[in-house]
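A look at the structure
The chain contents come next:
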Amino acid sequence: MLEPLFKLRENGTDIRTEVLAGLTTFLTMAYIIFVNPKILETTGMDTGSIFVATCLAAAVGSFIMAFVANWPIGMAPGMGLNAFFAFVAVGSMGYSWQQALGAVFISGIIFLILTITGIRKWLIDGIPHSLRSAIVAGIGLFLAFIGLQSAGIVVDNPATLTSHGDLKSAPVLFAFLGFFIIVVLDVLQIKGAILIGILSITLLSILTGHTATPESILSLPPSIAPTFLQLDIIGAFDKGLFNVILVFVLVEIFDATGTMIGIARKAGLVTTGKRNNLGRALFADSTAILSGSLIGTSSTTAYVESIAGVQAGGRTGLTAFVIGVLFLLSLLFSPVAGIVPPYATAPALVYVAILMLRELTDINWKDMTDVVPAAITVIFTPFTYSIAEGIAFGFISYVILKTCTGRIKEIHPATVLVASLFIIRFALV
C-alpha cells in the first residue's frame, strides 16, 4: 500500500529508513510544541487551545506535504512569523488575535494565487539574495530579543530603554543553563537537542520547586474551540493590516520556498533532468497556511530542521507522514506543555536566532549597495521591534542606492514592486 503512494523503490529508500527519518526530523522540530503556545498566549489566546492547534497544524501541514508533493519535509507554525503575529500585529499594532488570524488566512489565499500563477517563482527570482539573507538574520535578532526578555536577561530601563536583569535570579540562571545544554548537545549532534534542553530545564524547575508538578504526563487534549474558526477576516481588511499581510506573504516566500528548495536539493529531488514536485510542494505549503489559520495558529511553514531527516535517508512523503503522526500523538502530552516556563523556551529562541544569523555569511560584503540595505534590514528589525519595518526600509534603501549609483539595471521589477508596496503602506498610515 505504501509503495504506490510514496514510490519508495523509485526514490531508493524503504519503509524503515523513512520511519527513522521522520522520527529524526520530528525530534529536531518538536520544540515548536512548547515554544509556539508560549509566544501566542501573550496575545490572550487560550494556551491549551494553542497547543492543540500547533500539533494539528503541524500534522495537517505535514500530511499535505506527504500526499500532495511526496517530499520529506515537515511543516509547523513558523518561528519568526509567530513572533511577528504576537508581538507586532497584536502586541504593538493593537489588533486582536482574531484579526491577525484573518490576516494569516488572507496571506494564505494570496500565497496560493501567487503559487498557481507562477508569480511566486518570479518574486523569488527577483528579490536580491542579500536582502533574503538579511531578512532571515533580522528575524533571528528579533527572536533573540524576545527570548532574552522572556528569560529576564533583558529588562526595561527608563534611562537606556533596555538593561540586563537580575543575573543571579533563578529564571536567568535556568535560561543560561538551558542555552548551553542545547548548544553542547547540538554540537555533539544529538538529535532533538532543543527539545531536550527545554524539557531538562522544565524538569529541573519542577525539582527545585520553581514550577508546579503536573498531575499527570498524559491526558486527553484540551478543547480547540477557543481558537478554531475564530479568525476575523473582515477585520483583517483594515488598512493597517495590509502591512501585516504583506509581511506574512514576503517572509513565507523567502523562508518557506528557500527552505524547501534547499532541502529538496540536498535530497536529490530537484536535480537537473529529474522530474520533481516543486510545484506541488509550493502548493502544499500554501494550503497548509490556510488550514493553520482556520485551526487557530500563525502561519504554517516548511521547517529547515527537515534536513536532519534527509541526512538520515528520508526521500519521500512517508517521512513527512511519520512526522504528522508523531505530532498527533503529541496531543496526549498537553499537561507537560502547560507547565513549561518561559525561561525554558527562551534558550530555544536564542539558539534558533543564532542559527538564522548564519545567513549573514551569504551577503556580498564588498558591494556597499548590497551591504547597506542588508544592514538596515538586520538593524531595524529588532530595534524598531518590527519585522515589517526592517523589510520595508531594506527594500526601499536598496532601490534608492542602486538608482542613485547608476546601477538601476541591477534592480529586478519584483524588488521595485515590493518597495512600492511598502511606500504605499507608509502613505496609508
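Everything numeric in this text was worked out from a predicted model, so none of it was measured.

1. Quick word on the packing of helix α9 (residues 170–187) against helix α10 (residues 193–207)
Two elements in contact, α9 and α10, have axes separated by 8 Å at closest approach and are oriented at 150°. The element α9 and its partner α10 pack so that their crossing is right-handed. Contacts from Phe-174, Leu-177, Gly-178, Ile-181, Ile-182, Leu-185 and Asp-186 in α9 reach Ala-193, Ile-194, Ile-196, Gly-197, Ser-200, Ile-201, Leu-204 and Ser-205 in α10. Looking at the contact of α9 with α10 residue by residue, the class counts come to ten nonpolar, four polar and one charged.

2. A closer look at the packing of aromatic side chains
The final tally for this structure, using the stated rule, is eleven aromatic pairs. Between Phe-67 and Phe-321, the ring centres sit 5.7 Å apart and the planes meet at 70°, which makes this aromatic pair edge-to-face. Separated by 254 residues along the polypeptide, Phe-67 in helix α4 (residues 47–69) and Phe-321 in helix α14 (residues 317–329) bring together distant segments of the chain. The class of Phe-321 is partly exposed, set by a relative accessible area of 27%. Note on Phe-179 and Tyr-351: the rings are 6.3 Å apart at their centroids and 75° apart in plane angle, and the pair reads as edge-to-face. With Phe-179 in helix α9 and Tyr-351 in helix α16 (residues 342–356), the pair connects residues that are 172 residues apart, well separated along the chain. There is no split in this pair, since Phe-179 and Tyr-351 are both buried. Linked through ring pairs, Phe-6, Phe-63, Phe-67 and Phe-321 together constitute an aromatic cluster.

3. Some words on the pattern of salt bridges
For the structure on display, the rule yields five salt bridges. Here Asp-367 makes a salt bridge to Lys-402, at a shortest N to O gap of 3.6 Å. Here Asp-367 is found in the loop between α16 and α17 (368–383), whereas its partner Lys-402 is found in helix α18 (residues 387–404), with 35 residues between them in sequence. Across this residue pair, the class does not change: Asp-367 and Lys-402 are buried. Residues Glu-410 and Lys-402 are paired through a salt bridge, measuring 2.7 Å at the closest nitrogen-oxygen approach. Through salt bridges with shared partners, a single network forms among Asp-367, Asp-370, Lys-402, Arg-407 and Glu-410.

How each quantity is defined
Throughout this document, residue positions are counted from 1 along each chain, in the order its sequence is written. Under the rules for a predicted model, residues below a pLDDT of 70 receive no local features and side-chain atom pairs below 80 are neither given nor counted, while totals for whole chains, interfaces and linings still include all residues. Only hydrogens and water are set aside when side-chain values are computed; all heavy atoms of the structure are taken into account. Note on geometry: axes are lines fitted to C-alpha atoms, helical ones only across the stretch in contact, with angles between N-to-C directions running from 0 to 180 degrees. Helix and strand labels come from DSSP, where a helix needs a run of H or I of at least four residues and a strand needs a run of E of at least two; each type is numbered from the N terminus. The hand of a helix crossing depends on one turn: near helix anticlockwise from the far one by less than a right angle means left-handed, and clockwise means right-handed. Residues count as neighbours in contact if any of their non-hydrogen atoms are within 4.5 Å of one another. Three classes are used, and their members are as follows: Ala, Val, Leu, Ile, Met, Phe, Trp, Tyr, Cys and Pro are nonpolar, Asp, Glu, Lys and Arg are charged, and the others, Gly among them, are polar. Pairing of aromatic side chains requires ring centres within 6.5 Å, counting the rings of Phe and Tyr and the six-membered ring of Trp. Pairs whose planes differ by under 30 degrees are stacked, by over 60 edge-to-face, and all others tilted. Each residue gets one of three labels from its accessible area relative to the maximum for its type: buried under 20%, exposed over 50%, partly exposed in between, using a 1.4 Å probe on protein chains only. Any Lys or Arg side-chain nitrogen found within 4 Å of a carboxyl oxygen on Asp or Glu counts as a salt bridge.

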